[in-house]
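Chain residues, written in single-letter form:
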Amino acid sequence: MSAFPDIPTVQYEGPESDNPLAFRWYNPDEMVEGKSMKDHFRFSIVYWHTFRGTGADPFGPGTAVRPWDDGSESVQNAQNRARVAFELFEKLQAPYYAFHDRDVAPEGSSLAETNANFDAVADVLAEEQKRSGVKLLWGTANMFSNPRFMHGAATTCNADVFAYAAAQVKKAMEVTHRLGGENYVFWGGREGYQNLYNTDMKRELDHLAQFFHMAVDYAKQIGFTGQFLIEPKPKEPTKHQYDSDAAACLNFLRAYDLTDHFKLNLETNHATLAGHTMMHEIDYAGHQGALGSIDANTGDMLLGWDTDQFGTDYYLTTQMMYYILKHGGLGSGGVNFDAKVRRESFEPIDLFYAHIGSMDAYAKGLKIAAAIRADNALESFIEKRYSSWDSGIGAKIESGSVGFADLEAYMLEKGEAEANISGRQELLENVVNKYIDRV
Ligand code: XLS
Ligand code: NI
Ligand code: NI
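Looking at an unreviewed UniProt entry, the protein chain carries the name Xylose isomerase, with the source organism given as Stieleria varia. Per UniProt, the protein chain has the following entry under Subcellular location (unreviewed entry): "Cytoplasm". What UniProt states about the protein chain under its Sequence similarities (unreviewed entry) heading is, verbatim, "Belongs to the xylose isomerase family."

See the structure below:
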């Protein structure tokens, strides 16, 4: 039985289409820079917002109408929901999905019962993956909702809770492996602290590193070769999240000898909360070889929290795709819609409009970014801007053949530095607009 009987499989109809249930830009087979759009994006739909989100907020309960969901925490309801989820994935032509363990199956009264529930739903997920061809981009463990994790999971003060978290991740990795998951994500929900007065930060960080090393060891044991990803976020729920941005994550990984095993899953709204642009985060991770995957959403510039909206802004998607292309793409990662419809958009069809619009925005962003790259429109300026490093004293500095004394001698003789040239930011902003107009 179909949950969305009136919604056909969404097809590409081109920019002139007025059909709100068609793609205007996302054309899966269209080639851009020698690769199909489908392979560039590896679009993924999240289970948590799309199938567990109710629209509840601190001021009122959920509003979402989800006729297929009986609202119970039964395994049967979870299995039925899984089938509905795959109908939506297929109708949106999304090749991937992602979940937390607790999104897909209800917790039982003991860890053993919880694991059995998870297996029972994983059976249906496996069946549906096989039937539809939709694949698992990544799995993760929810170690922030249950009250036992109030002080954190791997960074808790309670050793038993650390052990519980380890058992939970072990199981989540096994199920991810069983379902052919291509990555495994760690978002440190409550891995951080509210006040240093009650916190042994050094001990918590050491524990977090131990936890990651155990995960690496266990992956080897079970033969899981998917990519491990850490998802930076600076605040919310804790005031100081340990994985606050790309630079903090990479510093942590390097300090604890974990860089070989982890890349980053960057989220747009988290970049905003960290006071960065998403292109900054992508470029930073990219030049360190750590660009793993993208949680595609957007915040609201007027609100200071993780609103997880669907991104439709061409500037944002152009910037993201430009730096993703620059760093050679997302590898085993993808563009994962960690985004939710607004509380006021409570009908099932809103889930479709939301994903279609954002998939289109990324597709158009990709085309704009590729056009800028084809003309070398930004790079040629950057090359010229840094050309003083290509020869003469600049080349000597870069090659490491001169030190302070040589540079002093050079400048004493020269007397004054060469004149600076304009940074031309406004001109380059106009250049980007020109490509947005043309595509
Ligand atoms: C929360 C995170 C979360 C992760 C998965 O802000 O974005 O949804 O992506 O645990
Ligand atoms: Ni996320
Ligand atoms: Ni988030």
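What follows picks up the thread again.
1. Quick word on the overall build of the protein chain
Helix and strand counts for the protein chain stand at 16 helices and 12 strands. Burial statistics for the protein chain: of 439 residues in total, 49% are counted as buried. Look at the contacts in the protein chain between residues 6 or more apart in sequence, and 77% of them connect residues 24 or more apart. When the accessible surface of the protein chain is split by element, carbon and sulfur atoms take 51% of a total near 20800 Å². With 40 positive and 62 negative side-chain charges, the protein chain shows a spacing of 2 Å between the two charge centroids.

2. Regarding the packing of helix α8 (residues 246-255) against helix α10 (residues 278-287)
Their axes nearest at 9 Å, the elements α8 and α10 cross at an angle of 25 degrees. Considering the angle they form, α8 stands roughly parallel to α10. Contacts between α8 and α10 involve Ala 246, Ala 247 and Leu 250 from the first element and Glu 281, Tyr 284 and Ala 285 from the second. A class-by-class count of the residues in the contact of α8 with α10 yields 5 nonpolar, no polar and 1 charged.

3. Description of the UniProt feature "domain: Xylose isomerase-like TIM barrel" (unreviewed entry) in the protein chain
The positions UniProt marks with the feature "domain: Xylose isomerase-like TIM barrel" (unreviewed entry) are residues 161-277. Here residues 161-277 runs as 48% helix and 15% strand, with 35 Å between its end C-alpha atoms.

4. A word on the packing of aromatic side chains
Enumeration according to the criterion identifies 33 aromatic pairs in this entry. With a centroid separation of 4.6 Å and 10 degrees between ring planes, the pair formed by Phe 41 and Phe 43 is classed as stacked. Across the pair, exposure class does not vary: Phe 41 and Phe 43 are buried alike. A ring pair is formed by Phe 186 and Phe 212, whose centres lie 5.0 Å apart and whose planes are at 75 degrees; its orientation type is edge-to-face. Placement of Phe 186 in strand β6 (residues 183-186) and of Phe 212 in helix α7 (residues 201-222) is noted, with a sequence separation of 26 residues between them. Residue Phe 186 is classed as buried on the basis of its relative accessible area, which comes to 7%. Note on Phe 212: relative accessible area 2%, which makes it buried. Looking at Arg 148, its charged tip hangs above the ring of Tyr 164, at a distance of 3.7 Å from the centre.

5. As for the coordination of the nickel ion (ligand 2)
Surrounding the nickel ion (ligand 2) are the protein donor atoms Glu 231 (OE), Glu 267 (OE), Asp 295 (OD) and Asp 338 (OD), at 2.0 to 2.1 Å. One can describe the site at the nickel ion (ligand 2) as octahedral: its 6 donor atoms subtend angles covering 80 to 177 degrees at the metal. Counting along the primary sequence, the residues that act as donors to the nickel ion (ligand 2) give the motif E-x35-E-x27-D-x42-D. Between the nickel ion (ligand 2) and the nickel ion (ligand 3), a spacing of 3.9 Å is present, and a bridge between the two is formed by Glu 267. Note that Glu 231 is positioned in the loop between β8 (227-230) and β9 (240-241) and Asp 295 in strand β11 (residues 291-295), a separation of 64 residues in sequence. Per residue, the accessibility class of Glu 231 equals that of Asp 295, and both read buried.

6. With respect to the environment of Tyr 284
For Tyr 284, the location among the structural elements is in helix α10. The exposure class of Tyr 284 is partly exposed, given its relative accessible area of 25%. Placed 116 residues apart in sequence, Tyr 284 and Gly 400 show a C-alpha to C-alpha distance of 23 Å. Setting aside its immediate chain neighbours within four residues, Tyr 284 contacts Ala 246, Ala 247 and Leu 250.

7. Looking at the sheet that holds β8
Two pairing modes exist for strands in a sheet, parallel and antiparallel, and in both the strands are linked by backbone hydrogen bonds. Reading around the circumference, β3-β4-β5-β6-β8-β10-β11-β12 is the order of the 8 strands in this closed barrel, with parallel pairing throughout. Across this sheet, the average inter-strand angle for adjacent strands is 30 degrees, counted without regard to direction. Bridge count for β11 against strand β12 (residues 335-337) is 2 bridges, and the pairing is parallel. Pairing of Ile 294 across the sheet is with Val 335, part of β12. Docked against the sheet, helix α6 (residues 159-178) engages β4 (96-100), β5 (135-140), β6 and β8, running at close to 155 degrees with respect to β6.

8. Focus: the pattern of salt bridges
Should the charged atoms of two oppositely charged side chains come close, the side chains can pair. What the rule picks out here adds up to 20 salt bridges. With a shortest N-O distance of 3.4 Å, Glu 73 and Arg 52 are connected by a salt bridge. Linking Glu 73 in the loop between α2 (47-52) and α3 (75-91) with Arg 52 in helix α2, this pair joins segments that are 21 residues apart in sequence. Residue Arg 52 is classed as partly exposed on the basis of its relative accessible area, which comes to 26%. Of the charged contacts in the structure, one is a salt bridge between Asp 206 and Lys 202, with a shortest N-O distance of 2.7 Å. Remark: Lys 202 and Asp 206 occur in helix α7; sequence separation between them is 4 residues, near one turn of the helix. Each of Asp 101, Arg 102, Glu 107 and Arg 148 takes part in salt bridges that share partners, so that together they form one network.

9. Thoughts on the pairing of strand β10 (residues 262-267)
Within β10, 5 of the 6 residues are buried, leaving the element largely enclosed by the surrounding structure. Bridge analysis of β8 against β10 gives 3 bridges, and the strand direction is parallel. Bridge pairing in β10 places Ile 230 opposite Leu 264. Pairing geometry for β10 and β11, over 4 bridges, is parallel. Within β11, the position partnered with Leu 266 by the bridge is Ile 294.

Criteria and cut-off values
- Residues numbered from 1 in each chain as written.
- Chains lettered and ligands numbered in written order.
- Predicted model: local features only at pLDDT ≥ 70, side-chain atom pairs only at ≥ 80, totals over all residues.
- Heavy atoms only, no water.
- UniProt positions renumbered as here; feature names shortened; annotations may be inferred.
- Helix = DSSP H or I, 4+ residues; strand = E, 2+ residues; numbered from the N terminus.
- Buried < 20%, exposed > 50% of the residue type's maximum accessible area, 1.4 Å probe, protein only.
- Contact = heavy atoms within 4.5 Å.
- Areas by Shrake-Rupley, 256 points an atom, 1.4 Å probe, with all protein chains shown as cover.
- Lys, Arg positive; Asp, Glu negative; His and termini not counted.
- Charge placed at Lys NZ, Arg CZ, Asp CG, Glu CD.
- Axes fitted to C-alpha atoms, helices over the stretch in contact; angles between N-to-C directions.
- Parallel < 35°, antiparallel > 145°, perpendicular 65-115°, else oblique.
- Nonpolar A, V, L, I, M, F, W, Y, C, P; charged D, E, K, R; others polar.
- Phe/Tyr/Trp six-rings, centres within 6.5 Å; stacked < 30°, edge-to-face > 60°.
- Lys NZ or Arg CZ within 6 Å of the ring centre and 35° of its normal.
- Donors = N, O, S within 2.8 Å, 3.2 Å for Na, K, Ca; no water.
- Tetrahedral: all angles 85-135°; square planar, octahedral: opposite > 155°, others 65-115°.
- Pairing = 2+ DSSP bridges.
- Salt bridge = Lys/Arg side-chain N within 4 Å of Asp/Glu carboxyl O.

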